[in-house]
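Summary of structural features
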Amino acid sequence: MLKGVTRLVSRVHKAKHEEKHEGQHYNLPLQDMKTIFPHGLPPRYAMQMKTFNEACLMVRKPALELLHYLKNTNFAHPAVRYVLYGEKGTGKTLSLCHIIHFCAKQDWLILHIPDAHLWVKDCRDLLQSSYNKQRFDQPLEASVWLKNFKTTNERFLNQIKIQEKYVWNKRESIEKGSSLGEVVEQGITRVRNATDAVGIVLKELKRQSSLGIFHLLVAVDGVNALWGRTTLKREDKSPIAAEELALIHNLRKMVKNDWNGGAIVMTLSQTGSLFKPRKAYLPQELLGKEGFDALDPFIPILVGNYNPKEFESCIQYYLENSWLQHEKAHTEEGKKELLFLSNGNPGQLERLCAYL
Amino acid sequence: MAAPLVKAVLGSSDLTLSVRSAVLRFPGFTQVRWSRYSPEFRDPQIDKDYHRKPWAELTEEEKFERELRKTQPIKAARSANTSSVFEDPVISKFTNMMMKGGNKVLARSLMTQTLEAVKRKQFKKFHAASSEEQATIERNPYTIFHQALKNCEPVIGLAPILKGGRFYQVPVPLSDRRRRFLAMKWMITECREKKHRRTLMPEKLSQELLQAFHNQGPVVKRKHDMHKMAEANRALAHYRWW
């Protein structure tokens, strides 16, 4: 259902979003949100979803552009990398969620890492990896991610078969030809092997996406964490570099464009980043030389503030849900003031309207 | 409470030359809390509508006042008083009372988080209720705030009066200002002192405001206790001489 300036009430399928729908809100069914997004929604948006009892996204130009490219992907060519960048609060994460929802409806396999920054900071238990002595495992983060991956992609887990034998330890191993679901189960139950399970899942998906059984969407939020510094330390207090973490190492291999049969959509984020200035938002500043060279070539998509039409649409949406309770917020004066205070920034506008 | 700003000082000096105020000065009294502005300074007019009125629409007195303001000096406006449409003097006063150590940023963010919390709680109740009850549920955090504070204001207060070597709690009428102040003070102290240490201020405040809005909760109880004490000490009312 599209809500917006023109108040279209017809249920338009997401695949038919075009330029004329720009600025209008459309409703996502809550059941879908629980399966596709067990993690990965911005926290304030999740609160809004809980308060309004509905999930509404605005159709905006960057997302429309990306959808157009994704609809015309050639699956024989190597995966194209798209990077959403922009200032704080402009809607990069929600645009990513829009893309993920679209691809989930088209039956793609979604590999969604909600925030790569969470993997490079505040990790309580770091184990030395059994597979490679130089690297470190993060059992908690890996097992949580595997659980959420299972919720999103239940139906694919039994269809995909692994093509190699993996040995966990002296007594346990997984035979060639067993389903991916078993690998995921092993990772969830045996938390010590969770990181290796994640590595196996990524390797198998990369190998098999070229076969054409499924389309793979790799969606990473905060991809600048992969090439930044970490705040994790070894027992002797020496810092750990990003490549010494097994999860990060495997993810870097995933984001390389040496496979075909899908697409890679990424978001840069300064909000969770470590040791980066607050005002940095351009790819060169946030990724650094190493990251930029690794991701080169990519298609950059700028996500900006609301234009007047989108701003009006957002205010209309809040008014329809009676979120703006202050009497003066309904007047022209109030709207002009909100525009001035937020400068059209979606995040700021949301925070302002929360207490009005 | 006659002339609270003036303190008795024996042999007042000539310090008061540059620092004058509009309050009556008695011989032998020196100002304690004074303003740096001399008496001819006018208060600033922050209201946008006052300035936007076209010249033709003004009455004779208003025109005279405008001309007068051009010649008189005007005090500087406070940085916290904006000409925003969303500004509320009660909310500003409450925020200032919550402020500690001059940290207005923190006090203001706590206030906005409280209003948001009140709104979200009411929305949750609204969605859970049937359609008849939905008309009765108030979702505007500002009306809830004002009504809650009005419900907490005491009608009559107590003052300690010294008579015959003993202090008696005498029932005394309170001015509007004092009542509003007491309501806000009780609300803030209740939240700060009587709640669990680990709960955050917005959560505590929103709960207290909602309870006060429905005339329940500890702050309204304190007001009732004050009224009961005043009623109990009715006989002492003639100790008051003002």
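Residues numbered from 1 in each chain as written. Chains lettered and ligands numbered in written order. Predicted model: local features only at pLDDT ≥ 70, side-chain atom pairs only at ≥ 80, totals over all residues. Heavy atoms only, no water.

Definition in use: UniProt positions are given in the numbering used here, feature names are shortened, and annotations may be inferred rather than shown by experiment.
If you check an unreviewed UniProt entry, chain B appears there as Small ribosomal subunit protein uS7m from Myotis myotis. Database annotation for chain B, UniProt heading Sequence similarities (unreviewed entry): "Belongs to the universal ribosomal protein uS7 family." We quote the UniProt Subcellular location (unreviewed entry) comment for chain B here in full: "Mitochondrion".

For chain A, the name recorded in an unreviewed UniProt entry is Small ribosomal subunit protein mS29, with Myotis myotis as its organism. Of chain A, the UniProt comment under Subcellular location (unreviewed entry) reads exactly: "Mitochondrion".

Points about the interface of chain A and chain B
For clarity, the cut-off: Contact definition: two residues touch when any of their heavy atoms are within 4.5 Å. Take the accessible area each of two parts loses on contact, using a 1.4 Å probe, and add the two losses: that sum is the buried area. Whenever Lys or Arg places a side-chain nitrogen within 4 Å of a carboxyl oxygen from Asp or Glu, that contact is recorded as a salt bridge.
Listed as interface residues are 24 residues of chain A and, on the opposing side, 17 residues of chain B. When the area that chain A buries against chain B is broken down by residue, the three leading residues are Gln325, Glu337 and Tyr355 of chain A, summing to 32%. Where chain A meets chain B, there are three salt bridges. Across the pair Glu333 of chain A and Arg52 of chain B runs a salt bridge whose closest N-O atoms are separated by 2.6 Å.

Observations regarding the state of the cysteines
As a reminder, the rule being used: By definition, disulfides here are pairs of cysteine sulfur atoms that lie within 2.5 Å.
Evaluated as defined, the whole model comprises zero disulfides over all chains. You can see Cys353 of chain A has no disulfide; the closest cysteine sulfur is in Cys314 of chain A, sitting 6.6 Å from it. No disulfide involves Cys152 of chain B; its nearest neighbouring cysteine sulfur is the one of Cys191 of chain B, lying 10.0 Å away.

A word on the packing of helix α5 (residues 139-152) of chain A against helix α8 (residues 194-209) of chain A
Residues and elements named next belong to chain A. Counted only if it meets this: Helix axes are fitted only over the stretch in contact, all axes being lines through C-alpha atoms; the angle between N-to-C directions runs from 0 to 180 degrees. Helical segments are the DSSP runs of H or I of at least four residues, strand segments are the runs of E of at least two, and each set is numbered from the N terminus. Angle categories: roughly parallel below 35 degrees, roughly antiparallel above 145, roughly perpendicular from 65 to 115, and oblique for all the rest. The hand of a helix crossing depends on one turn: near helix anticlockwise from the far one by less than a right angle means left-handed, and clockwise means right-handed. By the convention adopted, Pro, Cys, Tyr, Trp, Phe, Met, Ile, Leu, Val and Ala count as nonpolar, Lys, Arg, Asp and Glu as charged, and the other residues, Gly among them, as polar.
As a packed pair, α5 and α8 sit with axes 7 Å apart at the nearest point and diverge in direction by 45°. Accordingly, the angle class assigned to the pair α5 and α8 is oblique. Here α5 and α8 pass one another in a crossing that is left-handed. For the pair α5 and α8, the contacting residues are Pro139, Ala142, Ser143, Trp145, Leu146 and Phe149 in the first and Ala194, Thr195, Ala197, Val198, Val201 and Leu205 in the second. Classifying every residue of the contact of α5 with α8 gives ten nonpolar, two polar and no charged.

Examining the side chain of Glu22 of chain A
Residues and elements named next belong to chain A. In plain terms, the rule: Each residue's exposure class comes from its accessible area (1.4 Å probe, protein chains only) as a fraction of the maximum for that residue type: buried when under 20%, exposed when over 50%, partly exposed otherwise.
Structurally, Glu22 is set in the loop between β1 (2-3) and β2 (25-28). Residue Glu22 is classed as buried on the basis of its relative accessible area of 11%. Residues in contact with Glu22, not counting those within four places in the same chain, are Val59, Lys61, Leu64, Asn307, Lys309 and Glu310.

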